[in-house]
Amino acid sequence: MTKESSVARILLVLVFAPSGGLFGKAVADAAAGREWWPWLVAALVWLVLSGLISVAVSSRFDDEYRDEHR
């Protein structure tokens with residue numbers, strides 16, 4: 001496994017695992033009759049922010065890889 005694919009797998013887990021938990025909490029609160037939308041907003045914010053960070057990191061590794069193989 002290359003360094004780039006290891007980073008990609010780690011970033012994938014860091015992006016989707018917490019957001020899945022937040023979505024689950026929103027569903028559980030909705031089923032219990034409590035306010036669920038703050039958890040949904042938190043999950044969406046997490047997805048957007050962590051997605052942007054992961055794209056930036058992935059792009060950085062991609063740039064380094066291209067520079068090495070020119």
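Here's what I pulled together on the structure shown here. None of these values were measured; they are calculated from a predicted model.

To continue, consider the pattern of salt bridges. Under the definition given, this model contains two salt bridges. A salt bridge links Asp29 to Lys25; the shortest N-O distance between them is 3.4 Å. Highlighted residues: Asp29 and Lys25, both in helix α1 (residues 3-31), separated by four residues, approximately one helical turn. Among the residues examined, Asp29 registers a relative accessible area of 4% and is labelled buried. Residue Asp29 pairs with Arg34 through a salt bridge whose shortest N-O separation is 2.9 Å. Connected through shared salt-bridge partners, Lys25, Asp29 and Arg34 make up one network.

Another point: the side chain of Ser50. Its place among the elements puts Ser50 in helix α2 (residues 37-68). Of note is the side chain of Ser50, whose polar atom sits 2.5 Å from the backbone oxygen of Trp46.

Okay, the environment of Ala17 next. Mapped onto the fold, Ala17 is located in helix α1. Linking Ala17 and Leu47, residues 30 residues apart in sequence, is a C-alpha distance of 9.9 Å.

Conventions we followed
Residues numbered from 1 in each chain as written. Predicted model: local features only at pLDDT ≥ 70, side-chain atom pairs only at ≥ 80, totals over all residues. Heavy atoms only, no water. Salt bridge = Lys/Arg side-chain N within 4 Å of Asp/Glu carboxyl O. Helix = DSSP H or I, 4+ residues; strand = E, 2+ residues; numbered from the N terminus. Buried < 20%, exposed > 50% of the residue type's maximum accessible area, 1.4 Å probe, protein only. Polar contact = N/O pair within 3.5 Å; in protein donor to acceptor, adjacent residues only side chain to side chain.

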